[in-house]
Amino acid sequence: MRQPDPDRSPKVSDEVRKTTCYMCACRCGIDVHLKNGKVAYIEGNRDHPVNRGVLCAKGASGIMQHLSPARLRAPLKRTGPRGSGEFEEISWDEALELAVSWMKPIRESAPEKLAFFTGRDQSQSFTSYWAQAFGTPNYAAHGGFCSVNMAAAGIYTMGGAFWEFGQPDWERTKLFLLFGVAEDHDSNPLKMGLGRLKERGVKTIGVNPIRTGYNAVADEWVGITPGTDGLFILALVHCLLEAGKIDLDYLARWTNAPALVDEDPKSDRYGLLLRDDEDRLLVIDRRTGRPAPYDGAGVKPDLRGKVRRAGITHRSVFQLIAGRYLSKDFAPEAVEGRTGVPAARIRRIAAELAHVAFDQAIEIDQPWTDFRGERHEKMIGRPVSVHAMRGISAHSNGFQTCRALHFLQILLGSVETPGGFRFKPPYPKSAEAHPKPCADPHPGQPLDGPHLGFVHGPEDLLYRDDGTPARIDKAFTWENPMSAHGLMHMVISNAHAGDPYRIDTLFLYMANMAWNSSMGTGRAMEMLSDTDEDGEYVIPKIIYSDAYSSEMVAYADLVLPDTTYLERHDCISLLDRPISEPDAAADAIRWPVVEPDRDVRGFQSVLVDLAARLGLPGFVEEDGTPRYADYADYMIRHERRPGVGPLAGWRVGETGMTHGRGAPNEAQLDSYIANGGFWMGHVPAEGAFYKPWNMAYQDWAVETGLTDAPRPYLFDLFCEPLRRFQLAAEGRTEPQPPDHLRERIKLTLDPLPIWYPPMEDGHADPVEYPLHALTQRPPAMYHSWGGQNAWLRQIHGSNPLYLPSHLWQAHGFSEGDWARVSSAHGEIVVPVAEMAALNDNTVWTWNAIGKRKGAWALDDKAPEATKGFLLNHLIHELLPEKGDGLRWSNSDPVTGQAAWFDLRVRIERVDRDPGESYPVTEPQASPVGRGPKTVAQKVGE
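Residues numbered from 1 in each chain as written. Predicted model: local features only at pLDDT ≥ 70, side-chain atom pairs only at ≥ 80, totals over all residues. Heavy atoms only, no water.

**Student:** I'd like a rundown of the packing of helix α21 (residues 720-729) against helix α22 (residues 739-748), residues and numbers included.
**Tutor:** Where α21 meets α22, the axes come as close as 9 Å, and the angle between the chain directions of the two elements is 145°. Helix-helix and strand crossings are classified by hand; for α21 and α22 the assignment is left-handed. Residues F725, Q726, A728 and A729 of α21 pack against R742, I745 and K746 of α22. The residue makeup of the contact of α21 with α22, split by class, is four nonpolar, one polar and two charged. (Axes fitted to C-alpha atoms, helices over the stretch in contact; angles between N-to-C directions. Helix = DSSP H or I, 4+ residues; strand = E, 2+ residues; numbered from the N terminus. Left-handed = near helix turned anticlockwise from the far one by under 90°. Contact = heavy atoms within 4.5 Å. Nonpolar A, V, L, I, M, F, W, Y, C, P; charged D, E, K, R; others polar.)

Here's what the structure looks like:
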């Protein structure tokens with residue numbers, strides 16, 4: 001019998017165009033294969049520095065994102081009630097004229113009445129510049145409900161954090177720890193890194209209440225009790241100090257451990273660091289025994305330093321560290337009950353850290369010179385590395401937990417040394433190198449500085465003349481003073497309450513605030529559609545931009561349809577969130593590899609157009625004509641400061657083409673496209689490690705345009721800005737916080753890392769609600785986007801609530817059962833499943849699988865709309881009443897990070913299958929209709 005002879009090498013495409021993926025936040029390079037002008041196939045770009053050809057299921061499924069039936073097709077104006085999804089299509093001219101007619105009057109009278117908040121876009125440098133030009137103080141991106149604790153704690157402690165800011169030294173590390181890492185973010189680089197560790201037999205320890213993904217392939221899993229990671233970390237610190245296994249030389253040279261602290265309770269500088277007349281930190285120089293500036297030539301800082309000056313004793317930070325963490329309060333035996341990790345296991349892990357860091361130390365024969373002028377012949381490495389993400393960040397104690405983790409890394413000497421954690425340019429940058437936040441609006445004028453930044457004391461908080469918060473989200477106030485990313489999760493509730501003031505227009509981009517990005521989905525929908533006694537909407541106007549018909553679209557009065565990522569220009573910039581590696585600065589672009597077949601426009605180009613129509617400074621010439629034709633033109637010609645623009649590659653120098661600094665180049669995007677969509681500039685070998693103190697790196701950073709002058713700094717084991725807030729709360733300095741916040745500030749804003757129980761533990765009865773409830777981002781989905789994707793839906797079409805085996809058995813659950821899950825804020829009824837590799841006191845589910853009927857062009861009977869569900873219905877932006885007459889924010893008290901993962905619940909079995917998850921939300925109309933049963937296209941013959 002003749003066998004079939006299939007074509008084993010079919011022609012996939014007739015053209016390949018290289019751009020940047022947007023199916024998660026990795027920003028991998030992709031090759032987009034076109035056939036007859038249509039997208040036929042997507043694979044990884046093997047030359048790209050981020051993924052080197054590796055592509056995950058999400059990336060390969062980008063073709064289905066591009067073809068999604070949920071794509072918006074034209075600008076929309078609401079015709080029915082908010083939430084109904086009833087719209088009429090209008091022209092772009094009408095849409096933009098309508099937007100300008102709403103925004104222009106408020107800019108000329110009260111710019112703060114525009115609240116402009118963006119979701120998971122990757123152009124925050126640009127959108128913040130636009131908002132600053134408009135003059136509103138009310139701007140932020142989604143970091144406040146994602147991972148600001150991680151970013152802020154890292155920058156305040158060591159000048160950078162994980163993921164975009166830095167990564168493990170994959171080639172040299174000998175022990176790797178993961179804390180709270182799910183599978184959606186940084187997935188390809190992490191998978192590749194873990195693969196290299198497996199090849200070398202390097203041990204990985206995963207610390208997470210849930211064992212999935214990376215934790216499932218870890219050599220050891222620590223199923224910690226949620227919210228206790230900080231206590232576990234400080235117990236490790238206790239063990240290392242007890243054993244004397246810390247890098248004393250590293251601490252003395254590169255941290256403020258030798259800095260001198262005022263110990264006199266009667267002093268007005270009690271607890272602050274001793275400085276000279278030029279505001280330089282003072283240490284005791286081991287050579288002379290006298291105080292000297294920390295950066296003085298040849299200074300040898302003494303960790304045991306002590307001095308009495310003007311009748312006041314000052315003692316080194318290191319002595320405070322020893323005094324605190326050698327306390328029995330942090331002994332493994334004292335914390336094992338709370339953390340769920342046996343004391344013997346904590347001690348064993350600490351011993352492993354010490355063994356690898358000190359007995360397996362690395363030496364690289366590479367001379368380098370530090371900021372004190374001392375030359376070193378070798379680079380010494382402590383090959384322990386760490387990666388962490390939202391799992392430890394999204395708690396109300398997350399800031400101090402993240403600080404504790406960086407503290408542990410620094411004590412080991414494993415930050416910016418071979419085998420440890422390495423910064424990615426433009427990081428490291430100390431908190432002092434970042435701007436302070438601004439919020440002083442003037443009618444018709446731009447804001448006098450950036451919205452977001454890093455405060456250094458109470459004097460930097462943002463209040464109006466009448467003492468009320470300057471921002472609608474109350475960022476940078478006594479309630480959350482160091483809220484470096486704003487509080488997006490508070491915008492709708494504050495705007496609805498008119499607290500601290502009323503707004504006129506809520507302008508959102510790619511932020512699904514009516515569904516999975518809200519703390520309390522039902523209330524968010526009610527607030528967005530609520531009317532006053534006159535029948536007018538409490539939030540008067542809502543403008544929303546998205547590429548797809550999400551749940552939030554239905555609540556907009558005006559919808560500005562965005563393109564898909566294959567149809568747009570984007571800038572992954574060194575001014576924002578670049579794709580750098582530790583050995584190289586790198587940035588990238590997206591560009592329209594295909595043109596839209598709908599009446600849609602890239603949102604950034606729409607902002608450029610709106611800015612010109614509004615006459616915003618920086619976007620118009622002196623005669624009022626538009627400065628930029630569109631976003632692509634902005635990417636090329638905009639300069640944030642002379643010679644430094646959104647893209648660093650292929651600029652124009654005095655003698656020809658240059659990189660980093662240089663004049664704009666009209667052909668710049670062509671050069672990026674020819675190079676696969678990215679640019680990379682390598683760090684010199686002498687500057688590869690010790691970046692905060694290495695003058696070769698500091699000089700290279702200036703040459704490349706990352707900074708305008710060398711800015712070496714010390715790691716802040718003792719975070720002095722936190723102490724300044726404590727001083728105010730103690731009544732020692734002005735201004736002072738409200739009385740009801742004093743004790744909380746004194747407790748939580750400690751300059752040395754601490755641990756305290758998650759805030760909800762003190763508000764929700766732990767007997768009535770004994771279980772912790774978590775969500776994790778699934779590996780096949782990027783937030784809510786993936787739930788419309790025809791391929792990815794086959795992986796995650798619905799989501800059960802996973803229960804630990806003992807709970808499953810205790811309640812008599814069987815396969816196919818449903819449960820009622822209750823919190824202090826609400827209840828849901830959902831399908832359940834058993835999971836053995838799960839903390840005994842925790843239940844969890846995948847996030848954002850559940851969809852509202854009518855959204856995303858899904859059928860009303862789609863599993864996402866029937867069996868899929870959200871834990872968000874159980875969460876509130878405020879904590880339960882406690883009897884003190886106050887409703888405390890469900891956020892980290894330092895940064896305002898949304899405390900999604902503090903949720904406590906109880907669970908009970910329901911007797912019958914209800915058929916659908918509860919609550920059942922009324923279907924919304926779909927402005928794009930419903931998708932076909934099969935999404936297909938024919939490309940070529």
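On we go from here.
**Student:** Let's hear about a negative patch on the surface: which residues, and what values?
**Tutor:** Together, D440, D448, D465 and D466 make up a negatively charged patch on the protein surface. You can see D466 is positioned in the loop between β22 (421-423) and α15 (491-497). Relative accessible area serves as the criterion here: at 53%, D466 is assigned to the exposed category. (Patch = residues over 30% accessible without salt bridge, like charges linked within 9 Å, V, L, I, M, F, W, Y side chains within 5 Å. Areas by Shrake-Rupley, 256 points an atom, 1.4 Å probe, with all protein chains shown as cover. Salt bridge = Lys/Arg side-chain N within 4 Å of Asp/Glu carboxyl O. Lys, Arg positive; Asp, Glu negative; His and termini not counted. Charge placed at Lys NZ, Arg CZ, Asp CG, Glu CD. Buried < 20%, exposed > 50% of the residue type's maximum accessible area, 1.4 Å probe, protein only.)

**Student:** Any details on the state of the cysteines? Residues and values, ideally.
**Tutor:** In total, this model carries zero disulfides according to the counting rule given. Free cysteine: C24, not disulfide-bonded; nearest cysteine sulfur from C26 at 3.5 Å. (Disulfide = S-S within 2.5 Å.)

**Student:** Can you lay out the packing of aromatic side chains for me, pointing to particular residues and giving the numbers?
**Tutor:** Where two aromatic rings form a pair, the distance of their centres and the angle of their planes describe that pair. For the structure shown, the criterion picks out 48 aromatic pairs. Judged by centre distance (5.9 Å) and plane angle (80°), the rings of F507 and F603 are edge-to-face. Taken together, the positions of F507 in strand β23 (residues 505-509) and F603 in helix α17 (residues 603-614) put the pair 96 residues apart, joining distant regions of the chain. For the pair F507 and F603, a shared accessibility class is recorded, and that class is buried. Between Y782 and W785 the ring centres are 5.8 Å apart and the planes differ by 90°, which places this aromatic pair in the edge-to-face class. With respect to class, Y782 is no different from W785; both count as buried. Counting every residue linked through ring pairs, the aromatic cluster contains F162, Y250, W254, Y294, W368, F371, F421, F423, Y690, W693, Y713 and F715. Here the basic side chain of K429 rests over the ring of Y427, its NZ or CZ set 5.0 Å away from the ring centre. (Phe/Tyr/Trp six-rings, centres within 6.5 Å; stacked < 30°, edge-to-face > 60°. Lys NZ or Arg CZ within 6 Å of the ring centre and 35° of its normal.)

**Student:** Can you lay out the pattern of salt bridges for me, pointing to particular residues and giving the numbers?
**Tutor:** On inspection of all chains with the given rule, the structure shows 67 salt bridges. For E164, the salt bridge identified is with R27, shortest N-O distance 3.8 Å. Placement of the pair is E164 in the loop between α5 (148-158) and β8 (166-168) and R27 in the loop between β1 (15-20) and β2 (29-35), with a sequence separation of 137 residues. For the pair E164 and R27, one class covers both residues: buried. Put simply, D473 and R471 hold a salt bridge, and the shortest N to O gap is 2.9 Å. Each member of the pair, D473 together with R471, is buried. One continuous salt-bridge network, built from bridges that share partners, spans K203, E220, R345, R348 and E352.

**Student:** Explain helix α20 (residues 695-704) to me, and be specific about the residues and the numbers.
**Tutor:** Along α20, seven of the 10 residues are buried, which leaves the element largely enclosed by surrounding structure. Of all the positions in α20, only A696, Y697, Q698, W700, A701, V702 and T704 are classed as buried. Looking at the buried residues of α20, the elements they touch are β27 (584-590) and β30 (678-682). Backbone nitrogen of A696 and a side-chain oxygen of the N-cap are separated by 2.9 Å at the start of α20; the cap is N694. G705 sits one or two residues past α20 and shows a positive phi near 90°. (Polar contact = N/O pair within 3.5 Å; in protein donor to acceptor, adjacent residues only side chain to side chain.)

**Student:** Which residues make up the environment of C402, and what values go with them?
**Tutor:** Structurally, the position occupied by C402 is in helix α14 (residues 398-411). Measuring from C-alpha to C-alpha, the distance between C402 and Q132 comes to 30 Å, with 270 residues separating the pair along the chain. Not counting chain neighbours up to four residues away, the residues in contact with C402 comprise N149, M150, A153, I392 and S393.

**Student:** So what's going on with the packing of helix α3 (residues 92-109) against α17? Residues and values would help.
**Tutor:** At a minimum axis distance of 10 Å, the contact between α3 and α17 shows a crossing angle of 55°. Between α3 and α17, the interaxial angle falls into the category oblique. With respect to the hand of their crossing, α3 and α17 are arranged in right-handed fashion. Note on element contacts: α17 touches α3 through V606, D609, L610, R613 and L614, opposite W92, D93, L96, E97, A99, V100, M103, K104 and R107. In terms of residue class, the contact of α3 with α17 is built from eight nonpolar, no polar and six charged. (Parallel < 35°, antiparallel > 145°, perpendicular 65-115°, else oblique.)

**Student:** Outline the pairing of strand β35 (residues 842-846), listing residues and values.
**Tutor:** In terms of residue burial, β35 counts as a mostly covered element, since five of its five residues are buried. Covered by surrounding structure in β35 are T842, W844 and W846 together with V843 and T845, the residues of both alternating faces. In this structure, strand β31 (residues 771-776) lies alongside β35, joined through five bridges in parallel fashion. Each residue of the ladder has a partner; that of A773, found in β35, is V843. (Pairing = 2+ DSSP bridges.)

**Student:** An account of the pairing of strand β21 (residues 384-388) is requested, with residue identities and associated values reported.
**Tutor:** The element β21 is extensively covered by neighbouring structure, given that five of its five residues are classed as buried. The alternating pattern of β21 places V384, V386 and A388 and S385 and H387 on opposite faces, both of which are buried. Pairing analysis gives five bridges linking strand β9 (residues 175-179) to β21, with the strands arranged parallel. Bridge pairing links L175 to V384 in β21.

**Student:** Kindly report on the sheet that holds β21, identifying the contributing residues and their values.
**Tutor:** Sheet strands pair via backbone hydrogen bonds, and the direction of the pair is either parallel or antiparallel. Reading across from one edge, β11-β10-β9-β21 is the order of the four strands in this open sheet, with parallel pairing throughout. Strands with a single pairing partner mark the edges of an open sheet, and in this sheet they are β11 (220-222) and β21. Adjacent strand axes in the sheet meet at a mean angle of 15°, parallel and antiparallel pairs treated alike. Relative to strand β10 (residues 203-207), β9 runs parallel, the two being bridged by five bridges. Along β10, the bridge assignment pairs L175 with K203.

**Student:** Please give an account of helix α10 (residues 317-325) that cites residues and values.
**Tutor:** Taken as a whole, α10 has its buried residues at V317, F318, I321 and Y325. End-on view of α10: buried residues confined to an arc of 100°, all on one side of the axis. Close packing links the buried residues of α10 with α8 (229-243), α9 (248-254), β12 (260-262), β16 (312-316) and α14. (Arc of directions from axis to C-beta.)

**Student:** Please give an account of the side chain of N149 that cites residues and values.
**Tutor:** If you trace the backbone, N149 turns up in helix α5. According to the relative accessible area criterion, N149 is buried, its value standing at 0%. At 3.4 Å, the side chain of N149 and the backbone nitrogen of F399 are in polar contact. In this view, N149 contacts S393, H395, G398, F399, C402, D892, T895 and Q897; residues no more than four positions away in its chain are not counted.

**Student:** Just give me the short version of the nonpolar core, but keep the residues and values in it.
**Tutor:** Soluble globular proteins: nonpolar side chains tend toward being buried together. Among the nonpolar cores identified, the biggest contains 173 residues, and W130, L506, F507, L610, F619 and L801 are the most heavily contacted of them. Beyond its immediate sequence surroundings of up to four residues, L801 is in contact with V821, V830, P831, V832, A833, V843, W844, T845, F869, L871 and I907. Within the second largest apolar cluster, 117 residues are counted, among which are L273, V317, L462 and A728. (Core = buried A, V, L, I, M, F, W, Y, C linked by side-chain atoms within 4.5 Å.)

**Student:** Tell me about unusual backbone geometry, and please be specific about residues and values.
**Tutor:** Here the amide bond leading from D499 into P500 is cis, since omega sits at 15°, within 30 degrees of zero. Considering the arrangement of structural elements, one finds P500 in the loop between α15 and β23. In the segment running from E734 into P735, the intervening peptide bond is cis, with an omega of -10°. If you check the backbone angles, Y690 has positive phi at about 55° while not being a glycine. Along the polypeptide, Y690 turns up in the loop between β30 and α20. Judged by its relative accessible area of 6%, Y690 falls in the buried class.

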